[in-house]
Amino acid sequence: MTKDEFLHRLNQALSSMKPVERARTVQYYREILEDRMEEGASEAEAVADLDPEAIAADLLASGAAPIRPRRSRFGTAMLVLGSPVWLPLLLAAGIVALALYIVVWALVVSMFAVVLALAVCLPAGILALVIYLGSHFWTGLFLLGAGLVCGALAVALFLPCLAAARLLVRASGQLLRRFWDRVFHGKELAE
């Protein structure tokens with residue numbers, strides 16, 4: 001059995017446990033296996049003497065996960081005293097992430113604006129031909145040709161812009177869901 005198979009079976013066996021406790025337990029055993037492999041054991045050797053169902057049965061019978069990290073008074077004091085440093089940095093990181101997110105959406109909106117501008121050039125070229133038909137025929141014909149080229153570019157660029165927007169919406173939804181789960185539900189991102 002591989003490490004991933006063991007962790008998956010352990011996660012399934014602990015399905016009745018609270019999600020936060022289950023994630024901590026799986027992470028605890030992931031670290032145990034990684035420590036064993038760092039000490040020179042192969043992946044199969046690291047997993048060999050562990051039975052995920054037996055571990056889950058013991059944990060569920062005792063009603064507790066193997067690790068319940070508690071913040072010491074010193075840790076709490078350092079968290080409070082360090083807040084003038086880490087809080088502005090955290091806010092700055094959040095604002096930079098939000099700015100990057102807005103920039104990506106602005107790029108998509110600007111791509112659609114370019115497509116729309118190119119599409120408007122087609123009727124403008126036709127109108128220019130009509131306006132210049134009597135006085136400057138060749139100028140009107142040139143503007144009609146430019147309008148046709150711009151219209152063709154608009155048609156050619158519309159589907160790639162639509163695909164980019166769909167990809168961004170899907171990626172944004174996944175990112176937001178992972179962030180929400182991590183912050184408000186305590187789920188691990190690796191799961």
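Below: a short report on this structure.

What follows concerns the nonpolar core. Counting 14 residues, the largest nonpolar core has F6, L10, Y29, L33 and I55 as the members making the most contacts within it. The residues contacting I55, other than those within four sequence positions of it, are F6, L10, Y29 and L50.

With the rule as written, the count across this model stands at four aromatic pairs. Both rings, one in F112 and one in F158, keep their centres 6.2 Å apart while their planes meet at 70 degrees; by these two values the pair is edge-to-face. Within this pair, whereas F112 is found in helix α6 (residues 83-132), its partner F158 is found in helix α7 (residues 137-185), the two being separated by 46 residues in sequence. Centroid distance F137 to W138: 5.3 Å. Interplanar angle 70 degrees. Geometry classified as edge-to-face. Ring pairs connect the aromatic residues F6, Y28 and Y29, which therefore count as one cluster.

Right, let's get into the pattern of salt bridges. Within this structure, the stated rule accounts for four salt bridges. A salt bridge links K3 to E34, with the nearest nitrogen and oxygen atoms 3.4 Å apart. Highlighted residues: K3 in helix α1 (residues 3-13) and E34 in helix α2 (residues 19-38), separated in sequence by 31 residues. Here R36 ties to D49 by a salt bridge, and the two come within 2.8 Å at their closest N and O atoms. With R36 in helix α2 and D49 in the loop between α3 (43-48) and α4 (52-62), this residue pair connects regions lying 13 residues apart in the sequence. Relative accessible area serves as the criterion here: at 25%, R36 is assigned to the partly exposed category.

Rules behind the numbers
Within any chain, residue numbers begin from 1 and follow the written order of that chain's sequence. At least 70 in pLDDT is required for a residue's local features to be given in this predicted model, at least 80 for side-chain atom pairs to be given and counted, and no such filter applies to totals for whole chains, interfaces and linings, which use all residues. Excluded from the side-chain calculation are hydrogens and water; included are all heavy atoms of the structure. Side-chain atoms within 4.5 Å are what join buried Ala, Val, Leu, Ile, Met, Phe, Trp, Tyr and Cys residues into a set we call a nonpolar core. Relative accessible area decides the class of each residue, using a 1.4 Å probe on protein chains only: under 20% of the type maximum gives buried, over 50% gives exposed, and in between gives partly exposed. The contact rule is simple, with two residues in contact once any of their heavy atoms fall within 4.5 Å. Working definition: a ring pair exists when centres of Phe, Tyr or Trp rings (six-membered ring for Trp) sit within 6.5 Å. Plane angles under 30 degrees give stacked, over 60 give edge-to-face, the rest tilted. Segments assigned H or I by DSSP are reported as helices when at least four residues long, segments assigned E as strands when at least two residues long, and all are numbered from the N terminus. Throughout this description, the term salt bridge denotes a Lys or Arg side-chain nitrogen within 4 Å of a carboxyl oxygen of Asp or Glu.

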